[in-house]
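Here is how the chains run, residue by residue.
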Amino acid sequence: MKISLPVTLALFLSVAATTTHAADIKNGKKLQQKNCMSCHDDSMYTREDRFIKKLSSLRSQVQRCESTLGLTWFDEEVDDVTGYLNKKFYNFK
């Protein structure tokens with residue numbers, strides 16, 4: 001069976017898009033402390049009425065903050081901060 005180049009490329013891109021970056025927790029902590037602590041202290045993440053209820057929402061919020069601050073992080077850096085915050089405060093699966 002011969003597969004055309006466009007089909008092969010589409011398959012490769014769909015697999016690459018679903019591959020997740022393993023968060024670098026140490027880098028996430030460093031980025032969070034350098035950039036996020038000017039607005040947020042730990043109570044922001046531990047308060048009873050927090051609106052983040054799942055991991056995808058946490059990542060979206062990290063992206064919003066990154067964009068608002070004009071940080072121009074790579075997706076991997078957003079993943080690192082999300083991973084750090086999740087490990088330290090949220091513990092989503």
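Structure: above.
About the cut-offs
- Counting starts from 1 at the beginning of each chain's written sequence and moves along it residue by residue.
- Since the coordinates come from a predicted model, pLDDT governs what is reported: local features require at least 70, and pairs of side-chain atoms require 80 or more to be given and counted, while whole-chain, interface and lining totals use all residues.
- Hydrogen atoms and water are omitted, and side-chain values are computed over all heavy atoms in the structure.
- For helices the rule is a DSSP run of H or I covering at least 4 residues; for strands it is a run of E covering at least 2, with both sets numbered from the N terminus onward.
- Only protein chains enter the accessibility calculation, which uses a 1.4 Å probe. A residue is then buried if its area is under 20% of the maximum for its type, exposed if over 50%, and partly exposed in between.
- Note on contacts: a residue pair is in contact if any heavy atoms of the two residues lie within 4.5 Å.
- Accessible areas in this description were obtained via Shrake-Rupley with a 1.4 Å probe; residue shielding takes into account the shown protein chains only.
- Helices are assigned an expected span. That span is 1.5 Å times one less than the residue count.
- Arc definition: it is the arc formed by the directions from the helix axis to the C-beta atoms.
- Within this document, salt bridges are pairs made up of a side-chain nitrogen of Lys or Arg and a carboxyl oxygen of Asp or Glu, the two lying within 4 Å of each other.
- Aromatic pairs are defined between Phe, Tyr and Trp rings, using the six-membered ring for Trp, whenever the two ring centres lie within 6.5 Å; interplanar angles under 30 degrees are classed as stacked, those over 60 as edge-to-face, and all others as tilted.

Enquirer: Help me understand the overall build of the protein, please; the structure alone is not making it clear to me.
Expert: Tallying secondary structure elements over the protein gives five helices and zero strands in all. Out of the 93 residues in the protein, the part that is buried amounts to 27%. A separation threshold of at least 6 residues defines the contact pool for the protein, and within that pool the share at least 24 residues apart is 71%. Roughly 6900 Å² of accessible area belongs to the protein as shown, and the carbon and sulfur atoms make up 58% of that amount.

Enquirer: Hey, could you run me through helix H4 (residues 55-69) in this one?
Expert: Each α-helix turn comprises 3.6 residues. Residues three or four places apart therefore point the same way. With 15 residues, H4 ought to run about 21 Å at 1.5 Å a step, and its terminal C-alpha atoms sit 21 Å apart, in line with that. Considered for burial, the residues of H4 that qualify are Leu58, Val62 and Glu66. Buried residues along H4 cover an arc of 75° about the axis, so they all sit on one side. Set apart from the buried face of H4 by more than 90 degrees, the exposed residues are Ser67 and Thr68. In the core, the buried residues of H4 are packed alongside helix H5 (75-90).

Enquirer: Explanation requested: the pattern of salt bridges in the structure shown.
Expert: A side chain with one charge can pair with a side chain of the opposite charge if their charged atoms come near. As enumerated under the stated definition, the model contains two salt bridges in all. Between aspartate 49 and arginine 47 there is a salt bridge, with the nearest N and O atoms lying 3.1 Å from each other. Of the charged contacts, one joins aspartate 79 and arginine 59 as a salt bridge, the two residues approaching to 2.6 Å between their closest N and O atoms. Note that aspartate 79 is positioned in helix H5 and arginine 59 in helix H4, a separation of 20 residues in sequence. Here aspartate 79 falls in the buried class, since its relative accessible area comes to 17%. Accessibility expressed as a relative area gives 23% for arginine 59, which makes it partly exposed.

Enquirer: Can you help me understand the packing of aromatic side chains in this one?
Expert: Any two aromatic rings considered together are summarised by their centre-to-centre distance and by the angle between their planes. Going through the model one piece at a time under the given rule, you end up with two aromatic pairs. Between the aromatic rings of tyrosine 90 and phenylalanine 92, the centroid separation amounts to 5.4 Å while the plane-to-plane angle is 25°, which identifies the pairing as stacked.

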